[in-house]
Amino acid sequence: MKKFIQLKDTVVPLEVENVDTDQIIPARFLKATDKEGFAENLFRDWRYNEQEQEVSDFVLNDTRYSGSILLAGDNFGCGSSREHAAWALSAYGFKVVVSSYFADIFKGNALNNGLLPVQVSPAFLEHLFRAVTTDPSEELLVDLEGQQIRLLSTGASETFEIDPYKKTCLLNGYDDIDYLLSKLDAIKLFEQKQLQQ
C-alpha cells in the first residue's frame, strides 16, 4: 500500500444516505478475484441507465466535481460485507471517504485496502456538503497524523478517530504482513531470549 500522511484535494459530494455495498459495486461484478477492473463498475447502476448511457445528473458524471475525496451521506457502506466495495472506490481514485457514520465491516475493509474512512459529526458533514455544492473548487485537507479534517477556505475543522494500529499501517504504507515484517528484528530478539531461558 502507499503511505498516507496528508491529502489536500477537491471533493465529490454524494449526498445520499444509507449507501450499501451493492450500490457501490453491484453483485453481478463480483466474480473477479483480483482488484483489477472495478473502477468502471463503481456505482454502476447510478452512473449508467439501462441503455448504458451516462446518467447526467449523477455526481460522478458531473464535470463540476472531481477529486480523490468522496463526501458521502450518513451510514455509508452498509449491507453485505463485500471487500470489493473498497476495491472499487480505491480503483476509481478515491483515497478518503467522509461520512457521519460507516458500517463497521466496510470501515475495516477500507482501512485494510488503504482507503481512509473519516467519520465526522452530522453537523460538520452538512457544513461540508453546503460548502462543496456551493463551490465545487473547495478543497479539504485530511491530516492523518494529526487526525484532523479541515475545509481550507474557512479553516473549519474537526478531529476524527482511528484505530492506532490502522493509523500506523496507513502512515507507513503497511498491510498486516508488512507490519509484522517491520517487527522482524524485535521478534527474533524475543525468540532468542526465550531460547536462553
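This text follows the structure it describes.
One structure accompanies this document, and this report is about it. (Residues numbered from 1 in each chain as written. Predicted model: local features only at pLDDT ≥ 70, side-chain atom pairs only at ≥ 80, totals over all residues. Heavy atoms only, no water.)

Things to note about the side chain of Asn113
Condition: We count a stretch as a helix when DSSP gives it H or I for four or more residues in a row; a strand needs E for two or more, and each element gets its number in order from the N terminus. Under the rule applied, a polar contact is a pair of N or O atoms within 3.5 Å (in protein, one hydrogen donor and one hydrogen acceptor; residues adjacent in sequence only if both atoms are side-chain atoms). Contacts are assigned to residue pairs with any non-hydrogen atoms lying within 4.5 Å of each other.
Along the chain, the position of Asn113 falls in the loop between α4 (104-112) and β4 (116-119). Among the polar contacts listed, one links the side chain of Asn113 to the side chain of Glu83, at a separation of 2.9 Å. Ignoring any residue separated from it by four or fewer positions in sequence, one finds Asn113 in contact with Met1, Lys35, Glu83, Ala86, Trp87 and Ser90.

Side note on the environment of Phe58
Let me state the cut-off plainly: Relative accessibility thresholds used throughout: buried, under 20% of the residue-type maximum; exposed, over 50%; partly exposed, between the two (1.4 Å probe, protein chains only).
Here Phe58 is to be found in the loop between α2 (44-47) and β2 (69-72). Under the relative-accessibility criterion, Phe58 is labelled buried at 9%. For the pair Phe58 and Phe43, spaced 15 residues apart in sequence, the C-alpha to C-alpha distance is 9.6 Å. Not counting the four nearest positions on each side in its chain, Phe58 is found in contact with Leu14, Phe43, Trp46 and Arg47.

Focus on the sheet that holds β2
Operational definition: Strands are labelled as partners when DSSP assigns at least two bridges between them. To define axes, lines are fitted to C-alpha atoms, for helices over the stretch in contact only, and angles between the resulting N-to-C directions are given on a 0 to 180 degree scale.
Taken in spatial order, the seven strands make up an open sheet running β4-β3-β2-β1-β5-β6-β7, and their pairing is mixed. Edge positions in the open sheet fall to β4 and β7 (157-159), since each of these has one partner strand only. The sheet shows a mean angle of 25° between the axes of neighbouring strands, taken without regard to direction. With four bridges connecting them, strand β5 (residues 139-143) and strand β6 (residues 148-151) associate as antiparallel partners. Bridge pairing in β6 places Leu141 opposite Arg150. Strands in contact with helix α5 (residues 122-134) are β1 (6-14), β2, β3 (96-99), β5, β6 and β7; relative to β2, the strand with the most contacts, it is inclined by about 120°.

What about the nonpolar core?
So the rule is basically this: Here the nonpolar core consists of buried residues drawn from Ala, Val, Leu, Ile, Met, Phe, Trp, Tyr and Cys, with membership extended through side-chain atoms lying within 4.5 Å.
Ranked by size, the top nonpolar core spans 53 residues in total, and within it Phe43, Phe76, Leu89, Val98, Phe106 and Leu116 carry the most contacts. Ranked by the residues each element gives to this core, the list is headed by α5, at six residues. In this view, Phe43 contacts Leu14, Val19, Gln23, Ile24, Phe58, Leu60, Leu70, Phe76 and Leu89; residues no more than four positions away in its chain are not counted.

Digging into helix α6 (residues 164-172)
Looking only at α6, the buried set comprises Lys166, Lys167, Cys169, Leu170 and Leu171. Turning to α6, the residues buried within the fold contact α4, β4 and α7 (176-182). Downstream of α6 by a residue or two, Gly173 has a phi angle that is positive, lying close to 70°.

Thoughts on the pairing of β4
The test is simple: Seen with its strands pointing away from the viewer, a crossover is right-handed if its path from the first strand over the helix to the second goes clockwise.
Sheet analysis places β3 next to β4, joined by four bridges and oriented parallel. Across the sheet, residue Val97 finds its bridge partner in β4, namely Pro117. Traced from β3 through α4 to β4, the parallel crossover comes out right-handed.

Some thoughts on a nonpolar patch on the surface
To keep it simple, the criterion reads: Patch criteria: residues need more than 30% relative accessible area and no salt bridge. Like-charged residues are merged within 9 Å; nonpolar side chains of Val, Leu, Ile, Met, Phe, Trp and Tyr are merged within 5 Å. To be clear on the numbers: accessible area is Shrake-Rupley with a 1.4 Å probe, and residue cover counts the displayed protein chains and nothing else. By definition, a salt bridge exists where a carboxyl oxygen of Asp or Glu is found within 4 Å of a side-chain nitrogen of Lys or Arg.
Residues Ile177, Leu180, Leu181, Leu184 and Ile187 make up a contiguous nonpolar surface patch of about 450 Å² in total accessible area. Mapped by element, the contributors of at least two residues to the nonpolar patch are α7 and α8 (184-196). The dominant element in the nonpolar patch, judged by the number of residues it contributes, is α7, at three residues. Inspection of the secondary structure assignment puts Ile177 in helix α7.

Thoughts on the side chain of Asn75
Take Asn75: it is sitting in the loop between β2 and α3 (84-92). One polar contact links Asn75 to Asn18, side chain to side chain, over a distance of 2.9 Å. Beyond its immediate stretch of four places on either side in the chain, Asn75 contacts Asn18, Val19, Ser99 and Tyr101.

What to know about the environment of Ala156
Examined against the element boundaries, Ala156 turns out to sit in the loop between β6 and β7. Other than its neighbours up to four places away in sequence, Ala156 contacts Phe124, His127, Ile149, Arg150 and Leu151.

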